[in-house]
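Per-entry structural report
Spelled out, the chains give:
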Amino acid sequence: MAEKLWAGRFTKQTDQAAHDFNASIAVDCRMWREDIAGSLAHAAMLAKQGIITPEDGQAIERGLLEIATELEHGKLEIDMTFEDIHSFIESELTARIGEAGKRLHTGRSRNDQVATDLRLYLRGQCDELRVEIEAVIAALQQQRDAHPDVIMPGYTHLQRAQPILFAQHLLAYQEMLRRDILRVNDCQARMNVSPLGSGALAGTGYPIDRASTVSALGFDGYTASTLDGVSDRDFCMELAAVLSIIMVHLSRLCEELILWCSWEFRFIELDGAYTTGSSMMPQKKNPDLAELIRGKSGRVFGDLTALLTMMKAQPLAYNKDMQEDKPAIFDAVDTTRVCLQAAAPMLATMQAKPEQMRRAAAEGFINATDCADYLVARGMPFRTAYKIVGELVAQCIAADCTLETLPLAQYQAANELFTEDIYAFVALEACVQRRFS
Ligand code: ARG
């Protein structure tokens, strides 16, 4: 166990089990780049303000850059016996440059430090998320471009409702994902505010310059309240909410893929590279990836719930409860990203089965609304037309035929407004054409 940053006040060593329980390095070590970036900005500001000497400022910069390079190339390993990534880097710096390293933490607390690191880290993750959502939208576009005219049944209540285009069905998911990108942007913009300078909770008496760390770290501004600065985790809750909505969308899409690749539907076939077999049943081709994405949505919702519950009863300002923010938000980010990464190639490579979709669309009287519209176009009130067509559908069911094949005599017996052109009017292509062009 390494010596604690806060060892001075204590006469006893931390109990090993208590240390292990308290430590967060296993989770926060992934923020080492952000921690170093934050420290570089802070040290440069301290030197600029004359709070530390230029020589100390340069020594700190040199030391931190050296640590960064060595970590990047695997020459230095993070020592997991430290309490957190902040203690490890500060201690490593002091081991390398001596006394100057001990000046780095002037006018700073781990409370504003960790809030800064986390905002920087999640800001970067938002950039990655945006690219990965775009890739799913592009995969859907590939399918739309390959099948611009394929007709499929559109559903409400999972009952065949009206004929639609496969491309229109996929457009609905593209729209959801486009809104997700806007939400990521919004959330990223709101999180891009610097808490650095908030100190432990009450700021600092040193003549620091918050604006210079803001610009060095690419923030848009700094938090007005130092108490809020160290204890605000809205950006974690908000991102987890955004991620949860993304997962709802992916889960709905995957649910459809799972249905569509069943032999009951057979609207699509998933590529062999993105499906799995069964150890027992030789005929099986299982949509495991789609099911896993659907299943993992629950994890992300759980992370959001964990964050909301963790925050809801904390008095101002920082409390150690907040250390629990990272396992939850990191898991939510990692899970959503891996799902987006799995979804894109699975969607791009799936094979649509146009004949099957067309056949299903022809079977469910999904042009009944159009048939009623035909009568309306010839002057009949919609409600009357609706009733007549309902009776025709009943006749079709009894005769085991469809509105496309019902004899004209039967149409005309139901109402004299029907003429030969009814067949062209209720043709599925015509129905789709009327609505989607
Ligand atoms: N590991 C802590 C966290 O993630 C860092 C801040 C610790 N601050 C403190 N006063 N104990 O929240």
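The model shown is predicted, which means the values in this text are computed figures rather than measured ones.

Scanning the entire structure with this criterion turns up 11 aromatic pairs. The interplanar angle of 70 degrees and the centroid separation of 5.6 Å between the aromatic rings of Phe82 and Phe88 together place this pair among those described as edge-to-face. Neither residue differs from the other here; Phe82 and Phe88 are each classed as buried. Pairing Trp260 with Phe267 gives two aromatic rings, centres 6.4 Å apart and planes at 40 degrees, and the pair type is tilted. Judged by its relative accessible area of 2%, Trp260 is buried. Relative accessible area serves as the criterion here: at 1%, Phe267 is assigned to the buried category. Taken together, the aromatic side chains of Tyr155, Phe166, Trp260, Phe265 and Phe267 make up a single cluster linked through ring pairs. Sitting above the plane of the Phe219 ring, Arg123 keeps its charged end 5.5 Å from the centroid. Between Arg383 and the ring centre of Tyr386, over which it is positioned, the NZ or CZ distance is 4.8 Å.

Next up on the list: the nonpolar core. Membership of the largest hydrophobic core comes to 67 residues, with the highest contact counts inside it found for Leu122, Phe166, Leu239, Leu243, Ile329 and Leu347. Those elements that provide at least two residues to this core are α6 (110-146), α7 (166-191), α10 (234-260), α11 (288-311), α12 (325-349) and α13 (354-363). The biggest single contributor to this core is α10, with 15 residues. Apart from residues no more than four positions distant in its own chain, Ile329 is found in contact with Leu118, Leu122, Cys236, Leu239, Ala240, Leu243 and Leu307. Counting residues in each nonpolar core, the second largest holds 26 residues, with Ala2, Ala43, Ile60 and Leu104 among its members.

By the definition in use, this model includes 31 salt bridges. Linking Lys102 and Glu99 is a salt bridge whose minimum nitrogen-to-oxygen distance equals 3.2 Å. One salt bridge in this structure joins Glu429 and Arg358, with 2.9 Å as the shortest N-O distance. With Glu429 in helix α18 (residues 428-436) and Arg358 in helix α13, the pair connects residues that are 71 residues apart, well separated along the chain. Within the structure, one salt-bridge network assembled from shared partners comprises Glu66, Glu70, Glu92 and Arg96.

Parameters at a glance
- Residues numbered from 1 in each chain as written.
- Predicted model: local features only at pLDDT ≥ 70, side-chain atom pairs only at ≥ 80, totals over all residues.
- Heavy atoms only, no water.
- Phe/Tyr/Trp six-rings, centres within 6.5 Å; stacked < 30°, edge-to-face > 60°.
- Buried < 20%, exposed > 50% of the residue type's maximum accessible area, 1.4 Å probe, protein only.
- Lys NZ or Arg CZ within 6 Å of the ring centre and 35° of its normal.
- Core = buried A, V, L, I, M, F, W, Y, C linked by side-chain atoms within 4.5 Å.
- Helix = DSSP H or I, 4+ residues; strand = E, 2+ residues; numbered from the N terminus.
- Contact = heavy atoms within 4.5 Å.
- Salt bridge = Lys/Arg side-chain N within 4 Å of Asp/Glu carboxyl O.

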